[in-house]
Every structure is written in structure tokens, then in C-alpha cells.
Amino acid sequence: MNADGRTRLNQTPEWTALAKHREELADTHLRELFAAEPGRGAGYTLQVGDLYVDYSKHLVTDETLRLLRELADATDVFGLRDAMFRGEKINVTEDRAVLHTALRAPRDAVIEVDGENVVPKVHAVLDKMSDFADRVRSGAWTGHTGKRIKNVVNVGIGGSDLGPAMAYEVLRSFTDRDLTVRFVSNVDGADLHEATRDLDPAETLFIIASKTFTTIETITNATSARGWLVDALGDDSAVAKHFVALSTNAEKVAEFGIDTANMFEFWDWVGGRYSYDSAIGLSLMIAIGPDRFREMLDGFRLVDEHFRTAPAETNVPLLLGLLGIWYDNFHDAQSHAVLPYSHYLSRFTAYLQQLDMESNGKYVARDGKEVEWQTGPVVWGTPGTNGQHAYYQLIHQGTKLIPADFIGFAEPVAELSGELRAQHDLLMANFFAQTQALAFGKTAEEVRAEGVAEELVAHKTFQGNRPTTTILARELTPSVLGQLVALYEHKVFVQGAVWNIDSFDQWGVELGKVLAKRVEPALTEGAEVPGLDASTKALVAKYRALRGR
Ligand code: F6P
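This is a predicted model, so every value here is computed, not measured.

**Focus on the UniProt feature "active site" (unreviewed entry) in the protein chain**
- Mapped onto the present numbering, the UniProt feature "active site" (unreviewed entry) falls at Glu358, His389 and Lys513. The greatest C-alpha distance among the residues just named is 37.0 Å, and with 156 residues of sequence between them they are spread in space as well.
- Tracing the backbone through its elements, the reader meets Glu358 in helix α15 (residues 348–360).
- Other than its neighbours up to four places away in sequence, Glu358 contacts Arg273, Gln353, Asp505, Gln506 and Val509.

So, in C-alpha cells, the structure goes:
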């Protein structure tokens, strides 16, 4: 016990038992585990919704899983889960409820925050979004000159960009192909320039997405976009038909000059990185249509319900969270790879980086003390086959343990036909081959048996024992995307709960923002910035010289 009466995580008997168990398993190879349990391949699997989850290629036994569940029990993961679903203020440092699950709750659900049922508000905004999306898609909403809207540009950053940008890529084959949809996030003017240079302003709708409506990158880009539009259309009043806002901050939206009638609201109990199924998804909804968007929400809800009600033994987010903890805390794994075998999921891992790393990249526990255990891993990865020809070498034969999620689909998207459709089996052959190679490797004996020269045997040997999860679904649909995202959201939740950190704040991004504001006048005006360190000072001077200032 500490002075505050709490037992530190790494002093619990459950933690100690896992550490001891890890030592006992130190020399165990997946080859042995599979040899000892013929049913392991089909047995170590779970199904949630459309997702078939195979965890057989993990360095675990039934005993490992039991001990991990005991750790979850001891840290009251399900207690915190229930508090989250109930709308309690589990984001302790910001004193906020955490209710992204309310964004996909059915119309008749009752979820209260401060005594108010928030579900009617959620559905009112969804209905308003649907109406607007339909009007844009049908051509009923026209621009200032009466032209039909053909281009939609979402301006936002972080959670106000990554979710819709990722989902737009994932669901491209479900989008209205006559609409051009782009995403601008970077304050580098090149981003907005490239996104707009071939567009007709009279046909372009800007969606300014910002929870706070104070984020400097977004407000700067939004101001430039407004300038681009007003210059071209020659009339300030054009803004009304070409700008809408997604925000929690009506005052700032009005201050920017967007009519709050054209604002789609969300609330402080929706974290930025958990927000793309809120109003933040408007660009996506315009692209895929309200019905597909609601199918996606149904997918989220399905996994929410599973996480809320499934027993520990079959609870998939719990399992994935605990497996991550097993490697992060008991195998010293520093990172976690997410490797989709779908071109459409090309931005999925980038999305997960914010979800996971902004949530669990923390060294201070909920009790305000520094943790004495590892927290969130580095999350990384790109579509699988491309990775195979780039960095998989390190996963197979490097000195670091990198647990990886492989995500694949039985069917290619419906749009693919002929030879392109036939290529899918080759894609998936790679998918299955990789997890097999990672788990079982290739022994020196097997290499020798191929007649390899002795001096090359070590180089061509694969130790194997590299753990992977395989997530397989029939097809990548809006609902399946919702299921996948909710699965990772809740996995991240489980880990934060065990590590006793607040997964819903993000104080770590503040310092850089403050310093950028302070440094800017030094760049533009050569102003003396008090407290600037010698290195940064010299760099700023070099920058000014290079710019001829
Ligand atoms: O700086 C980090 C962050 O606050 C993220 O958490 C958030 O998703 C992003 O900035 C954008 O914030 P906003 O939606 O308020 O513009």
C-alpha cells in the first residue's frame, strides 16, 4: 500500500504472478504449444459480429489468459467500463464523461450526463446531418452562384481529420464517385493549395471541423480557405453557402463568420480521437450517404454491446487489450504493428496512432503519481504486402519483439471484377503465409535440408515465435469498419484501465502549442523571445538568414 492507500499495479499479486509465469514460459516456442494442443488453431479464436479473431499464434497458454483476466479483475476494468457506459466522469483530469458509445446508441436509449439524457441530442444532430448530406448529394444545396456542390473539403486536424479521412479511404467504393472529397489538416500552406488548386470555388463546400474551434492549424487554414473563396466569388456573403462548421463551440463558430444554423454540434463528452461517428463524420456521410453512415454506427454499436455484456472469457476487446499488456509489460515490447491486407485500410493505422498513442502515451497515473510500468506502445504499420517488401525483415529477423495485428477479408470489394478480383487470393495467400512464418519460422535443420551452404544457414534461419493476431471478416463494409474501430477503441480503454491512466485527456500536446505561439514572432519579426534556449535561438537565426530576413 502507498500513503494514499492504493496498491501500485506492479505490486499486486496478479502482476507478480504474471511476471513469474512469463519466466516459466521463457523457453516455450509456439511450435511446442501447437504440437501439444492440436485444437489450438480453431480453439483459440473468438467471433464478434463479423470479425473472426484468431489469437492462437500468441505466446500464451490457458494459464496466461487466466492470469491476465485476474489482472483485469484486480484493476476493475469492467467496473470502469460500466462507469463509462453510464456516463460517469471517468476523464478525471478534465472532469468529463466519456460517451462516444452514446453516439451510436439507439434512439430509445437513455444515457444521462449531469441528469440530462443525451441520446435525443445525438439523434437530432444525426438527423440534421442526414438532411444536409442528402441535400448536398442530390444537388438541392447549391453554392452561392447556384451551381451544384461537387467538391467537399474537410478542414480539421487530429481527431477532426484522421477519422473521416481514414473512413473515406476505407469506404471509397461506397462513395458517390461524382463528388471530390478532400481532407486538409497541415498548417503547411501546401496542403490547402494542393487540395484546392484544381477546384472551382463556386462548386466547393468547406467543412470546418474543430471540437474547440480554437486549434491554430484549423483556424488558419479555414481563414485562408475563406479568402480563396471570397476572392473568387467576390462576395463575403458567399461564405453562408460554402462553409459549415462541426464543433462544440458555437460562440467561436459565430465569431469566425459561420452561421450557427450551419453548425453541426457535438459535446465535450466526445473526445476528439473518438469523434468521427459524431458530427465530425459529416464529410464521410456526404460521401457515402446517411444510410451507409448509419450502417457503420450499427457496427460500432454491435461491438459496444459485446464489450459491455460479454463475459471476460469471450470478450474480444478485453482479450486484445490484455494480450497487448502481456507483451508491453512482461516481454518489453516497445511497439505494436497493425498490418491491414486491404488497400482501402491504408490510413487505418495512422488513425489508430492517435487513438492509441494520444490515449495511452502517459507516464502519470490517475492518482497523479508517475507509473512504474510501461504504458502505451508505439503503434505503427502500413498495408501488409507493401510492408513485406520494406520493414517485415525486422519483424521476422530483428532483435525486437513486435506483436502485430493482421487484418484481412475473404472477399474483395464488390466493385472489383475480372483479373483485379482474382488478385485477391494472392493478396490473402501473403496474409496467411506471413503469420505462419512469423509464428513457426524455419529451423536450421530445415534450412540445411534444403542444401544451403553452412555459412548461410544462420542467415536463412527464422526463429519464429513472433506473435500475431489475425482478424478476418468476409467483406469490408461500413458496418465492419464500425466494428473494427470500436474494437480498437475498447482495446485501448482496457489497457488504460489496467495501467490506471486517464486515456481521455491529452495534456502532452499542450507544451508544443504554447512554445510555437511564443516562437512565431521570433521567425516573422526577429522578436527577442525570453527564455529561448541556445540551440533553438541559433536555429531561428539560421532560418531567418535562409529566408533573407
Ligand atoms: O492537439 C491535440 C488535439 O487536441 C487532439 O486531441 C484533437 O483531436 C486535435 O487537437 C484537434 O482539436 P480540435 O478538434 O479542437 O480542433
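**Let's talk about the site of the ligand**
- Close to the ligand lie 14 residues, the nearest being Ser160, Ser210, Lys211, Thr212 and Thr215.
- A distance of 2.6 Å separates an oxygen atom of the ligand from a polar atom in the side chain of Ser160.
- Residue Ser210 places a side-chain N or O atom 2.6 Å away from an oxygen atom belonging to the ligand.
- For the ligand, the accessible surface in isolation is 390 Å², of which the surrounding protein chains cover 87%.
- Partitioning the shell around the ligand into residue classes produces 2 nonpolar, 9 polar and 3 charged.

**Regarding the side chain of Thr196**
- Residue placement: Thr196 occurs in helix α8 (residues 189–196).
- A polar contact of 2.7 Å, which involves the side chain of Thr196, links it to the backbone oxygen of Leu192.
- Not counting residues within four places of it along the chain, the set of residues in contact with Thr196 comprises Phe206 and Trp228.

**Overview of helix α5 (residues 77–86)**
- The complete set of buried residues in α5 reads Val77, Leu80, Arg81, Ala83, Met84 and Phe85.
- A positive phi of about 90° marks Gly87, the residue just after α5.

**A short note on the pairing of strand β10 (residues 335–340)**
- Of all 6 residues making up β10, 6 are buried, and the element is well covered by its neighbours.
- Side chains Ser335, Ala337 and Leu339 of β10 all project onto a buried face; the interleaved residues His336, Val338 and Pro340 project onto the opposite face, where all are buried too.
- Direction of pairing for β10 relative to strand β11 (residues 378–380): parallel, over a ladder of 3 bridges. Bridged to Ser335 within β11 is Val378.
- Each parallel crossover has a hand, and the one from β10 via α15 to β11 is right-handed.
- Where β10 lies against strand β12 (residues 404–409), 4 bridges are found, and the strand directions are parallel. Residue Leu339 lies in a different strand from β12, and its bridge partner there is Phe406.

What counts, and where the lines are drawn
- Residues numbered from 1 in each chain as written.
- Predicted model: local features only at pLDDT ≥ 70, side-chain atom pairs only at ≥ 80, totals over all residues.
- Heavy atoms only, no water.
- UniProt positions renumbered as here; feature names shortened; annotations may be inferred.
- Helix = DSSP H or I, 4+ residues; strand = E, 2+ residues; numbered from the N terminus.
- Contact = heavy atoms within 4.5 Å.
- Near = heavy atom within 4 Å.
- Polar contact = N/O pair within 3.5 Å; in protein donor to acceptor, adjacent residues only side chain to side chain.
- Areas by Shrake-Rupley, 256 points an atom, 1.4 Å probe, with all protein chains shown as cover.
- Nonpolar A, V, L, I, M, F, W, Y, C, P; charged D, E, K, R; others polar.
- Buried < 20%, exposed > 50% of the residue type's maximum accessible area, 1.4 Å probe, protein only.
- Pairing = 2+ DSSP bridges.
- Right-handed = clockwise from strand over helix to strand, strands pointing away.

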